[in-house]
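What follows is each chain in one-letter form.
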Amino acid sequence: MLGESRITKQRKREICMAAKDVFIRKGFKNTTMEDVIEAVGMSKGGVYYYYKSTLEMLIDLCFIGAEYREHITYDFQKNHPDMSKEDVMVELTLMKMFQSSDYIKLYSMLLEVSATDEEARKACQQMEQEQIKDFIASAGHGLEDIIPLANEEFLMMMKSMYVAQLYFDLEDLYMNQSDLFRDIIRNYIRKHRREE
């Protein structure tokens with residue numbers, strides 16, 4: 001949505017928010033363009049002017065979700081200035097893993113689609129690169145301590161957990177075992193710090 005006029009951004013956002021509600025209710029794979037057109041209340045031509053497919057909407061929604069995530073990260077760091085860099089990154093990772101958010105669900109849907117769709121795969125790769133860049137920027141000084149959380153192995157584990165949430169109700173499990181996951185993340189950081 002970068003470089004677009006204010007009206008275009010506004011219309012696309014309106015369409016995306018309607019699509020988000022439909023995706024969450026019906027699932028991405030079960031949502032048609034007609035479902036979104038009906039939900040947004042625009043003409044068919046109006047929706048197709050901005051989006052040629054539901055996948056384009058899902059991708060834009062995931063980028064909106066990434067912006068939302070950046071705000072959460074910034075606010076958390078601002079509100080916890082006395083936490084160590086490692087503790088901040090562990091808590092932010094837990095929040096990202098466990099937060100019950102429509103955007104996490106949408107990202108999980110995109111990950112699932114990316115297994116068979118090249119456009120979705122490229123969008124995921126672009127988002128991942130931007131998230132790594134933002135992660136490194138937010139880490140600032142002391143980066144060497146938490147860089148393992150940006151490696152391919154750890155990111156794949158995170159993606160697996162997101163997709164699992166599409167099929168299993170894991171929120172209670174995650175919340176009841178948050179100390180276990182906190183220890184796993186902390187030990188992962190420390191193990192990989194020693195190996196480098």
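Data block above holds the structure.
Residues numbered from 1 in each chain as written. Predicted model: local features only at pLDDT ≥ 70, side-chain atom pairs only at ≥ 80, totals over all residues. Heavy atoms only, no water.

### Focus on helix α2 (residues 33-40)
- Along α2, the residues that are buried comprise M33, D35, V36, I37 and V40.
- Backbone geometry just after α2 places G41 at a positive phi near 75 degrees. (Buried < 20%, exposed > 50% of the residue type's maximum accessible area, 1.4 Å probe, protein only. Helix = DSSP H or I, 4+ residues; strand = E, 2+ residues; numbered from the N terminus.)

### Overview of the state of the cysteines
- This model, assessed by the stated rule, comprises zero disulfides.
- Counting only cysteine sulfurs, C62 is the nearest neighbor of C16, a cysteine outside any disulfide, at a range of 9.8 Å.
- In this structure C124 is not part of a disulfide, and its nearest cysteine sulfur, from C62, lies 7.1 Å away. (Disulfide = S-S within 2.5 Å.)

### Comments concerning the packing of helix α4 (residues 54-79) against helix α5 (residues 85-98)
- Between α4 and α5, whose axes approach to 11 Å, the crossing angle comes to 145 degrees. Crossing handedness for the pair α4 and α5: right-handed. Of the residues in α5, those touching α4 at R69, I72, T73, F76 and Q77 are V88, M89, E91, L92, M95 and K96.
- Here the residues of the contact of α4 with α5 are counted per class, giving six nonpolar, two polar and three charged. (Axes fitted to C-alpha atoms, helices over the stretch in contact; angles between N-to-C directions. Left-handed = near helix turned anticlockwise from the far one by under 90°. Contact = heavy atoms within 4.5 Å. Nonpolar A, V, L, I, M, F, W, Y, C, P; charged D, E, K, R; others polar.)

### Considerations on the packing of aromatic side chains
- All told, the structure shown has five aromatic pairs when counted by the stated rule.
- Centre to centre, the rings of F23 and F28 are 5.2 Å apart; their planes meet at 65 degrees, and the pair counts as edge-to-face.
- Taking relative accessible area as the criterion, F23 reaches 0% and is therefore assigned buried.
- Where F154 meets Y188, the ring centres are 5.1 Å apart and the plane angle is 40 degrees; that geometry is what we call tilted. Here Y188 lies in helix α11 (residues 178-195) and F154 lies in helix α9 (residues 152-167), a separation of 34 residues in the sequence. (Phe/Tyr/Trp six-rings, centres within 6.5 Å; stacked < 30°, edge-to-face > 60°.)

### Considering helix α6 (residues 102-114)
- Taking 1.5 Å as the rise per residue, α6 with 13 residues should run 18 Å; its terminal C-alpha atoms sit 18 Å apart, in good agreement.
- Most of α6 is tucked away, with 11 of its 13 residues classed as buried.
- When we look at burial in α6, the residues that qualify are Y103, I104, L106, Y107, S108, M109, L110, L111, E112, V113 and S114.
- Between the side-chain oxygen of the N-cap and the backbone nitrogen of Y103 there are 3.0 Å, and the N-cap of α6 in question is S101. (Expected span 1.5 Å × (residues − 1). Polar contact = N/O pair within 3.5 Å; in protein donor to acceptor, adjacent residues only side chain to side chain.)

### A few points about the environment of R193
- Summarising the element assignment, R193 is placed in helix α11.
- Residue class for R193 comes out partly exposed when judged on its relative accessible area of 31%.

### A word on the nonpolar core
- Core analysis: the biggest nonpolar cluster contains 57 residues, and I15, F23, M57, L58 and L110 have the highest contact counts within it.
- Residue contributions to this core peak at nine residues, all from α4.
- In contact with F23, not counting residues within four places along its chain, are F28, T31, T54, M57, L58, L61, L106 and M109. (Core = buried A, V, L, I, M, F, W, Y, C linked by side-chain atoms within 4.5 Å.)

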